[in-house]
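Below are the chains, spelled out letter by letter.
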Amino acid sequence: HRSIASSSQPFLTTKHQVVNDSLFLTMTGPTSAPPAPTAPEFVALILAATSGASLYPLSSPSRPKHLLPVAGIPLLVRQLHVLAECAFSECIVALAHDDEYTAEALKEVVDGIDVQQNGSFLFKESLHVTLHRLPEDCSGSMQALRNIEEGSVISSPSSHIVVLPGDLVLTDKTVLEQLANTHRQGNMDNTMGMTTQPAASKTACTMLLTDVGEEDENGIPLKESSKAKKNGLSRDEDQIEYIALCSDDTAITNAPRVIWKQSKLDVEEDEDMVGSTPKLVLPKPRLRGGVTRVRTNWHDVHVYILSPWVRRQLAVARPSLVSIQADLIP
């Protein structure tokens with residue numbers, strides 16, 4: 001797995017091959033014939049099946065969190081705008097089985113869209129959007145992906161899936177383009193470009209991390225409680241994770257590998273009630289050289305790009321997997 005972190009000052013930058021100066025590969029046929037249709041390199045999947053109980057009373061069953069406005073524009077609409085700017089041609093929005101509000105809300109705030117009976121519509125004349133209702137017993141991101149795969153909702157099995165949470169705030173295309181370029185670089189074949197087959201050196205999943213660490217005036221890192229007292233952005237204990245990243249100069253991409261990720265509560269649990277010091281146990285097979293750093297101020301924002309072989313081998317072939325975050329990463 002690869003990761004790229006983004007903040008007001010990017011945690012890292014990526015070196016990548018520019019492909020037609022665009023987010024997507026463009027393939028053309030001979031000049032004597034029209035270009036052959038190609039599968040989209042990336043397909044977006046927006047997970048918008050929960051109402052967002054933690055945001056109550058702002059959110060409710062009749063106003064799920066992906067419809068909450070930021071500067072007057074619903075979060076979902078903001079995401080669609082950014083996807084269109086990134087030249088995405090296909091997007092699936094996964095909704096709850098009883099969602100009767102999203103389609104109507106989109107009609108109210110987006111001029112000119114015509115939501116068809118099957119839940120599809122064209123956004124900004126280029127982005128084909130499908131509103132897909134998940135079954136009632138679908139309770140996790142991997143289960144949602146499995147349901148979509150089994151229903152052949154995504155047009156091509158060779159596309160890489162960009163998974164986005166419905167409550168993600170996107171203001172421009174910069175972060176998604178960096179993430180896509182990092183994932184593309186990790187899957188680049190020296191002779192044929194992007195590959196859809198698994199290999200030991202290929203990237204299975206590229207994830208987005210943000211650096212939420214803050215310091216006081218003396219340069220000392222602030223605890224979450226201190227951030228809250230300063231009216232800053234703070235996390236609850238169950239939202240904090242220990243994340244280990246390994247930078248390897250011999251890798252095909254300069255983005256660090258995610259080699260370990262575990263909840264802070266699990267790591268620091270004192271089962272014997274003796275006040276013992278928490279111990280971090282990193283799997284030795286994942287330590288393949290390079291420098292490994294373990295920190296708690298990296299935050300997983302649940303944005304992932306999954307390679308096609310992950311879709312086939314894990315999402316469909318392993319029904320026991322429920323959550324991308326809990327069961328797949330790292």
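Just above, that's the structure.
Fair warning: this is a prediction, and the values are worked out from it, not measured in the lab.

Q: How should I be thinking about the environment of Thr38 in this particular structure?
A: Along the chain, the position of Thr38 falls in the loop between strand E1 (2-5) and strand E2 (42-48). Using a relative accessible area of 47% as the deciding quantity, one classes Thr38 as partly exposed. Counting along the chain gives 118 residues from Thr38 to Ser156, while the straight-line C-alpha distance between them is 9.2 Å.

Q: Explain helix H7 (residues 308-316) here, please?
A: Count 3.6 residues to each turn of an α-helix, and residues three or four apart come out pointing the same way. Those residues of H7 that sit buried are Pro308, Trp309, Val310, Arg311, Leu314 and Ala315. Those residues of H7 that are buried are in contact with helix H3 (141-150), strand E8 (160-165), strand E15 (298-306) and helix H8 (324-328).

Q: Would you explain the packing of H3 against H7 in this entry?
A: Packed helix pairs are specified by the crossing angle of their axes together with the interaxial distance, meaning the distance between the axes. With their axes 10 Å apart at the nearest point, H3 and H7 run at an angle of 110° to one another. Between H3 and H7, the angle falls in the class roughly perpendicular. Contact with H3, carried on its side by Met142, Leu145, Arg146 and Glu149, involves Arg311, Leu314, Ala315 and Val316 of H7 and no other residues of that element. A per-class count over the contact of H3 with H7 returns five nonpolar, no polar and three charged.

Q: Sorry, what's going on with the pairing of strand E5 (residues 90-95) here?
A: Two faces belong to every sheet, and in a regular strand the side chains alternate between them. For E5, the buried fraction is high: six of the six residues fall into the buried class. Every second residue of E5 is oriented toward a common face, with Glu90, Ile92 and Ala94 on one face and Cys91, Val93 and Leu95 on the other, all of them buried. Two strands pair when backbone bridges link them, and E2 and E5 are joined in this way by five bridges, in the parallel orientation. By the bridge assignment, Ala44 is partnered in E5 with Cys91.

Q: It is not clear to me how the nonpolar core should be interpreted in this structure. Could you clarify?
A: Ranked by internal contacts, the top residues of the largest apolar core, which has 36 residues, are Leu80, Leu83, Cys91, Val93, Phe121, Val129 and Leu131. Looking at this core, the element that brings in the most residues is helix H1 (residues 75-85), giving six residues. With residues up to four places along the chain from it excluded, the contact list for Leu83 reads Ala44, Ile46, Phe88, Cys91, Leu127, Leu164 and Leu176. Listed in part, the 32 residues of the second largest apolar core include Ile92, Leu145, Ile243 and Leu245.

About the thresholds
- Residues numbered from 1 in each chain as written.
- Predicted model: local features only at pLDDT ≥ 70, side-chain atom pairs only at ≥ 80, totals over all residues.
- Heavy atoms only, no water.
- Helix = DSSP H or I, 4+ residues; strand = E, 2+ residues; numbered from the N terminus.
- Buried < 20%, exposed > 50% of the residue type's maximum accessible area, 1.4 Å probe, protein only.
- Contact = heavy atoms within 4.5 Å.
- Axes fitted to C-alpha atoms, helices over the stretch in contact; angles between N-to-C directions.
- Parallel < 35°, antiparallel > 145°, perpendicular 65-115°, else oblique.
- Nonpolar A, V, L, I, M, F, W, Y, C, P; charged D, E, K, R; others polar.
- Pairing = 2+ DSSP bridges.
- Core = buried A, V, L, I, M, F, W, Y, C linked by side-chain atoms within 4.5 Å.

The analysis is restricted to geometry; functional conclusions fall outside its scope.
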